[in-house]
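Residues per chain, in single letters:
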Amino acid sequence: MIRKNRKKRLHGFVLPAPFTGIVVAGALLALSYVWLDCRCESIGRDIKKLEAEKVQLKKDILSEESRWSKMKSPANIEAVLAKHNIVMTWPRQDQVVRLYDAGVNTDVAVKKRNSSLTYMKRDKAVIHD
């Protein structure tokens, strides 16, 4: 009777190493693609949310600018002053102090008697009150 070595017997299915490597690499690529797709969708949702917030903030800014311009209108200021019993008048000409910037030269149009315009050099520019 011939005896066979039982240690050399193969039980089960054997996969070649290159095929296993290709399968594992393919699975990793598929998982990477799914993860990247989910990440892109998440960032896309965040971008849409931020764009909607930006539009709402622009509307809020326009609304606040409108409210502020209404609040600082002369009629509204006079109404608020009257509401709080504060009596104020506009300043007289001698009470107004004009500030000049010494570093800026500007041309100022001066009207002559014969209604032609003459330009003169001014040493200082007027800074508006």
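Residues numbered from 1 in each chain as written. Predicted model: local features only at pLDDT ≥ 70, side-chain atom pairs only at ≥ 80, totals over all residues. Heavy atoms only, no water.

1. Concerning the overall build of the chain
Within the chain one finds 2 helices and 4 strands. In the chain, the succession of helices and strands from N to C terminus is α-α-β-β-β-β. Counting only residues that meet the buried cut, the chain has 1% of its 129 residues in that class. Pairs at least 24 residues apart make up 27% of the contacts formed inside the chain by residues separated by at least 6 positions. (Helix = DSSP H or I, 4+ residues; strand = E, 2+ residues; numbered from the N terminus. Buried < 20%, exposed > 50% of the residue type's maximum accessible area, 1.4 Å probe, protein only. Contact = heavy atoms within 4.5 Å.)

2. With respect to the pattern of salt bridges
Two side chains that carry opposite charge are able to pair once their charged atoms sit near each other. Applying the stated rule across the entire model yields 2 salt bridges. As a salt-bridge pair, Glu 64 and Arg 67 come within 3.0 Å of each other at their nearest N and O atoms. With Glu 64 and Arg 67 both in helix H1 (residues 17–71) and 3 residues apart, this pair spans about one turn of that helix. (Salt bridge = Lys/Arg side-chain N within 4 Å of Asp/Glu carboxyl O.)

3. Description of the layout of surface pockets
Which parts of space are left empty comes out when a probe the size of a water molecule is rolled across the atoms. In this structure, the largest pocket spans a volume of roughly 170 Å³. Around the largest pocket sit Pro 74, Ile 77, Glu 78, Leu 81, Met 88, Thr 89 and Trp 90, which together line it. Taken together, the residues that form the lining of the largest pocket break down as 5 nonpolar, 1 polar and 1 charged. (1 Å grid on protein atoms, 1.4 Å probe; cavity = no way out; pocket = protein on both sides within 12 Å on 5 of 7 lines; lining within 4 Å. Points joined across faces, edges and corners; volume = space filled by probe spheres on them. Nonpolar A, V, L, I, M, F, W, Y, C, P; charged D, E, K, R; others polar.)

4. Remarks on unusual backbone geometry
Generally, phi is negative for residues other than glycine and the peptide bonds are trans, each holding for most cases. Here Asn 85, not a glycine, exhibits a phi torsion of approximately 55°, which is positive. If you trace the backbone, Asn 85 turns up in the loop between helix H2 (74–83) and strand S1 (99–101).

5. Topic: a nonpolar patch on the surface
Side chains of Leu 15, Phe 19 and Val 23 sit close together on the surface and give an oily, nonpolar patch of about 270 Å² of accessible area. Following the sequence through the fold, Leu 15 ends up in the segment before H1. Judged by relative accessible area, Leu 15 falls into the partly exposed class, the value being 44%. (Patch = residues over 30% accessible without salt bridge, like charges linked within 9 Å, V, L, I, M, F, W, Y side chains within 5 Å. Areas by Shrake-Rupley, 256 points an atom, 1.4 Å probe, with all protein chains shown as cover.)

6. Details of H2
Across the 10 residues that make up H2, only a small minority, 0, are buried. Remark: Asn 85 follows H2 within two positions and exhibits a positive phi of approximately 55°.

7. Examining the state of the cysteines
What the rule picks out here adds up to 0 disulfides. With no disulfide of its own, Cys 38 lies closest to Cys 40 among cysteine sulfurs, the gap being 9.5 Å. What makes Cys 38 partly exposed here is its relative accessible area of 45%. A residue is classified by how much of its surface remains accessible, and Cys 40, at 47% relative accessible area, is partly exposed. (Disulfide = S-S within 2.5 Å.)

8. Topic: the confidence of the model for the chain
A residue-level look at the chain finds 73% of positions with pLDDT of 70 or above and a mean pLDDT of 81. Ranking the elements of the chain by mean pLDDT puts strand S2 (residues 106–111) last with 50 and H1 first with 95. (pLDDT = per-residue confidence, 0-100.)

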